[in-house]
Amino acid sequence: MRRKRIFRILSVIIFLVLFVIVYQKVERVLSLKTGSSRIYTFYHEEKKDSLDVVFMGSSHAYYGTHPMEFWKEYGVTSYVLGSPLQNIGTTYYLMKDAIKRQHPKVIAVEGFCTYHVDKVKSDRMLQTAMDGMPLSLNKIQLGEDMLADQFTLEERLPYYIPFLQYHSRWPELDSDDFKNGSNIYKGGKPVFKTRSFPAPPIITEKEELPENTLIYLEKMIKLCEENDIELMFYLTPFAGARDGEEVYIELQKIYNSLEEYLRERGIPCINYASLVDEIELDFSSDFKDIGHLNINGAKKVNIHLFQYLWENYSLEDHREEKGYTIWNDNIEIYDKKLEDSRNKTAVGKETEVVDLEEQD
Amino acid sequence: MDVYRKEIYAEKNFGKYALFVSFFPQLVAGPIERSKNLLKQISVKHPFRFENMRSGLLLMLFGYFQKVVLADNIATLVNQVYDNYTQYDGTVLAVATLLFAVQIYCDFGGYSSIAIGAARIMGFNLMENFNAPYLANSVADFWRRWHISLSTWFRDYLYIPLGGNRKGKLRKYMNLLVVFITSGLWHGASWHFVIWGGINGIYQVIGEIMQPVRDKAVEILHIDRKNFSHQLMKIIATFLLINLTWVFFRANSVTDACTIIRNIFTMQNPGTLFDGVLYNLGIERQKFNMVLVSIGILAVIDICKFKNIHLMGKLFKQEIWFRWFVYLCAVFYVLIFGAYGPAFDAGQFIYFQF
């Protein structure tokens, strides 16, 4: 009798575990992949504690940073933990959660998120970031902080339990939904498409940093200090702003203030708007659209950025190390994918899908 | 009432009485439980039993299948058609009516299954409320299988006190009509509910009156009443008669119902079944097909119930891998195909860059 009871309790537990495993798989298949897959692969495919540098931020981070180039040049492992329109609050909580999985020496934040101060500019964009994260206390804190004052609990629940919303996506599943996101680019998003722009004006004025930016900046600084992680910022260049010159000017003013604020706090910040000549950025060939770098522009920024990281932090070259062969093997696939992508763009076949990733 | 009839003792313990009145699994829409069944159970101890939990959970799952997979998905379609019935051809109206029959069964039946299942987990036995109603072979039989707790309630507390069938034929017919019209009013204070109840009453009165005629026909034509095809014909005829009443139940008014019935019989264009209109009635093609598959599953389950095949018992006899596989498939079937949560609207996610 007692044995039977123990057997039953055990079988219920095993069944529940089985259920949770299947549930997670099914939920991922049903989830909308756009925008969330690089965060998902960060958690589910990158080996624990294997990254030296984590880049974070919005689309400017993933269009403008290509970790495989870092590996090829210096043998440093890195990843872009970015999501469309990521605001600084999201960056903070995501950082707090990500360092439980990886303990990088350096976190480099692309600073556009500091301009994005509205708690939720677009709730869909927050959802893409959250969809990639496993359920955790940090994820719930992120959701509550961003959404609680605007949305009811019922509206917030799908952010924590994506199944609630995505289960009804089943009629539109396609084969891509069953594949895991590609991990080859390590979070970067290389684009060959080119649009030509005149050089934008150089702005030197400043504008006061939004209060929210300051709050989360301080939280980030504290978090990195406590966890013994070096924090730095970088600002990829713009050729202008989609919403007009005024917005561009305002953004540059914020960037200038951010640079100053961080300098006073002893946090490095590289503003590439002021290094255009040094890195030989060409506004006629280095942008995919007015706000985002294509692969040409990104490589120019990356040469400088990776060199800076290599010289200023004690990063190690892992290329000859045993545990890192997967990164070396990856180079060939990466080069091939890039070449394919380049050819497609050359013959104008690059799909012109206006998707979430085009976002700031 | 039951105390007066000496069917049960008077409960003097207010707590137990309150619990009886508010027993949560059935409070909202579940089976209408009599004191002689439930009140007695409240006083008895209910030790936790694994078997009860297992079959209770499965029953609840079946209830959710009926409610969120079938009823709620079909509701989208039926609402679309019935609320805009002038835009649709008779064939579409007929399809929507047939689907409404499934919807209303699954809605009530689903609630009942969930309530009975939840109660069973705690060790309580509630009465069965729906017994494969659409496999009834007469309207009277339908009412013995449909919302059984309500029908028997009306029988015991209205039909029989009115005299039942003890006071002559005419009085019996009157009583039947009164009971069904009252039942209509119980469902909602509106004329179309009254007519719905009335028609059901009239069906039974006509059925009774015609009984000798039918007996004669059977005799002359040498019909074997146990014959499958004869039974099938009766089941189909009953289903269609019941469907006619559902039009009054669902339509927003009596005039709407009359127009819908007229259009079903006059504006028939069976071509509509093949030109894709059915996939544009509020649920897309894949969902419509999923609903059809689900109705198939429901039909199999109901036929088994009808034939007294105990599916759950058979399942529990299987090996563990098979049982678990069935459980998981069933749970995810409901989780994925159920209509709940904020709708995923792809349009909501399309961002126009320029």
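Residues numbered from 1 in each chain as written. Chains lettered and ligands numbered in written order. Predicted model: local features only at pLDDT ≥ 70, side-chain atom pairs only at ≥ 80, totals over all residues. Heavy atoms only, no water.

1. Let's talk about the overall build of chain B
Logical step 1: Of regular secondary structure, chain B possesses 15 helices and zero strands.
Logical step 2: Residues counted as buried form 47% of the 354 residues belonging to chain B.
Logical step 3: Partitioning the contacts of chain B with sequence separation of at least 6, the portion at a separation of at least 24 is 71%. (Helix = DSSP H or I, 4+ residues; strand = E, 2+ residues; numbered from the N terminus. Buried < 20%, exposed > 50% of the residue type's maximum accessible area, 1.4 Å probe, protein only. Contact = heavy atoms within 4.5 Å.)

2. Quick word on helix α11 (residues 254-266) of chain B
Because each turn of an α-helix spans 3.6 residues, side chains separated by three or four positions in sequence point in the same direction.
All names here are of chain B.
Logical step 1: Along its 13 residues, α11 runs 18 Å from first to last C-alpha, staying within 8% of the 18 Å computed at 1.5 Å per residue.
Logical step 2: For α11, the set of buried residues is Asp256, Ala257, Ile260, Ile261, Asn263 and Ile264. Axial view of α11: buried residues confined to an arc of 165°, hence all on one face. Every exposed residue of α11 that faces more than 90 degrees away from the buried side is listed here: Thr255, Arg262, Phe265 and Thr266. (Expected span 1.5 Å × (residues − 1). Arc of directions from axis to C-beta.)

3. What to know about the interface of chain A and chain B
Logical step 1: Contacts between the two partners involve 31 residues from chain A and, on the opposite side, 25 residues from chain B.
Logical step 2: Interface of chain A and chain B: buried area, both sides summed, is about 2800 Å²; carbon and sulfur atoms make up 71% of it.
Logical step 3: Applying the counting rule to chain A against chain B returns one salt bridge.
Logical step 4: The partner of Arg8 of chain A in a salt bridge is Glu51 of chain B, and the shortest N-O contact between them spans 3.1 Å.
Logical step 5: At the boundary of chain A and chain B, one finds six residue pairs in polar contact (both at pLDDT 80 or more).
Logical step 6: Elements with a contribution of two residues or more to the side of chain A that touches chain B: α1 (2-30), α7 (123-132) and α10 (163-166) of chain A.
Logical step 7: Ranked by the residues each element gives to the side of chain A that touches chain B, the list is headed by α1 of chain A, at 11 residues.
Logical step 8: For the side of chain A that touches chain B, a count of residues per class yields 18 nonpolar, six polar and seven charged. (Buried area = accessible area lost by both parts, 1.4 Å probe. Salt bridge = Lys/Arg side-chain N within 4 Å of Asp/Glu carboxyl O. Polar contact = N/O pair within 3.5 Å; in protein donor to acceptor, adjacent residues only side chain to side chain. Nonpolar A, V, L, I, M, F, W, Y, C, P; charged D, E, K, R; others polar.)

4. Focus on the sheet that holds strand β5 (residues 269-271) of chain A
All names here are of chain A.
Logical step 1: On the basis of which strands lie adjacent, the open sheet formed by five strands has the order β2-β1-β3-β4-β5 and parallel pairing. Strands at the two margins of the open sheet, each flanked by one partner only, are β2 (78-82) and β5. With strand direction ignored, the average angle separating the axes of adjacent strands in the sheet is 20°.
Logical step 2: Strand direction decides the pairing type here: strand β3 (residues 106-110) and strand β4 (residues 230-235), joined by five bridges, are parallel. (Pairing = 2+ DSSP bridges. Axes fitted to C-alpha atoms, helices over the stretch in contact; angles between N-to-C directions.)

5. Observations regarding helix α12 (residues 285-306) of chain B
Residues and elements named next belong to chain B.
Logical step 1: Here α12 contains 22 residues, and its C-alpha end-to-end distance of 31 Å stays within 8% of the 32 Å for a straight helix at 1.5 Å per residue.
Logical step 2: Looking at the buried positions of α12, the neighbouring elements they touch are α4 (50-83), α5 (90-121), α13 (311-316) and α14 (320-337).
Logical step 3: Positive phi shows up at Asn308, right after α12, with a value of about 60°.

6. A few points about the pairing of strand β1 (residues 53-57) of chain A
Residues and elements named next belong to chain A.
Logical step 1: Across the five residues of β1, five count as buried, placing the element largely inside the fold.
Logical step 2: A two-sided burial pattern is seen for β1, the buried positions comprising Val53, Phe55 and Gly57 on one face and Val54 and Met56 on the other.
Logical step 3: Where β1 meets β3, four bridges bridge the pair, whose relative direction is parallel. Considered in β3, the bridge of Val54 is made with Ile107.

7. What about the confidence of the model for chain A?
Interpretation of this model should avoid reading the predicted coordinates in detail wherever pLDDT is low.
Logical step 1: This prediction gives chain A a mean pLDDT of 89; 94% of its residues lie at or above 70.
Logical step 2: In the predicted structure, residues 351-356 of chain A sits below a pLDDT of 50 and forms 12 contacts with residues beyond four places in sequence or in another chain. (pLDDT = per-residue confidence, 0-100.)

8. Observations concerning the pattern of salt bridges
Residue and element names in this part refer to chain A.
Logical step 1: By the definition in use, this model includes 25 salt bridges over all chains.
Logical step 2: Notably, a salt bridge pairs Asp335 with Lys72, separated by 2.7 Å at the nearest N-O pair. Highlighted residues: Asp335 in helix α14 (residues 325-346) and Lys72 in helix α4 (residues 67-74), separated in sequence by 263 residues.
Logical step 3: Across the salt bridge formed by Asp97 and Lys100, the nearest N and O atoms sit 3.1 Å from each other.
Logical step 4: Its relative accessible area of 2% is what places Asp97 among the buried residues.

9. Thoughts on the environment of Lys206 of chain A
All names here are of chain A.
Logical step 1: If you trace the backbone, Lys206 turns up in the loop between α10 and α11 (211-226).
Logical step 2: Expressed as a C-alpha distance, the spacing of Lys206 and Glu250, which sit 44 residues apart in the sequence, is 8.5 Å.
Logical step 3: In this view, Lys206 contacts Lys253, Asn256, Ser257 and Glu260; residues no more than four positions away in its chain are not counted.

10. Quick notes on the nonpolar core
All names here are of chain B.
Logical step 1: Counting 80 residues, the largest nonpolar core has Leu77, Tyr134, Trp146 and Trp246 as the members making the most contacts within it.
Logical step 2: Examining the composition of this core, we find that 13 residues originate from one element, α4, more than from any other.
Logical step 3: The contacts of Leu77, once residues within four sequence positions are left out, are Ala96, Leu99, Leu278, Leu281, Ile283 and Phe288. (Core = buried A, V, L, I, M, F, W, Y, C linked by side-chain atoms within 4.5 Å.)

11. What about the environment of Ala330 of chain B?
Logical step 1: Relative to the helices and strands, Ala330 of chain B is located in helix α14.
Logical step 2: Considering only alpha carbons, one finds Ala330 of chain B and Tyr173 of chain B, 157 residues apart in sequence, at a separation of 45 Å.

12. Thoughts on the side chain of Ser168 of chain A
Logical step 1: Turning to its location among the elements, Ser168 of chain A is positioned in the loop between α10 and α11.
Logical step 2: A distance of 3.1 Å separates a polar atom in the side chain of Ser168 of chain A from the backbone oxygen of Gln165 of chain A.

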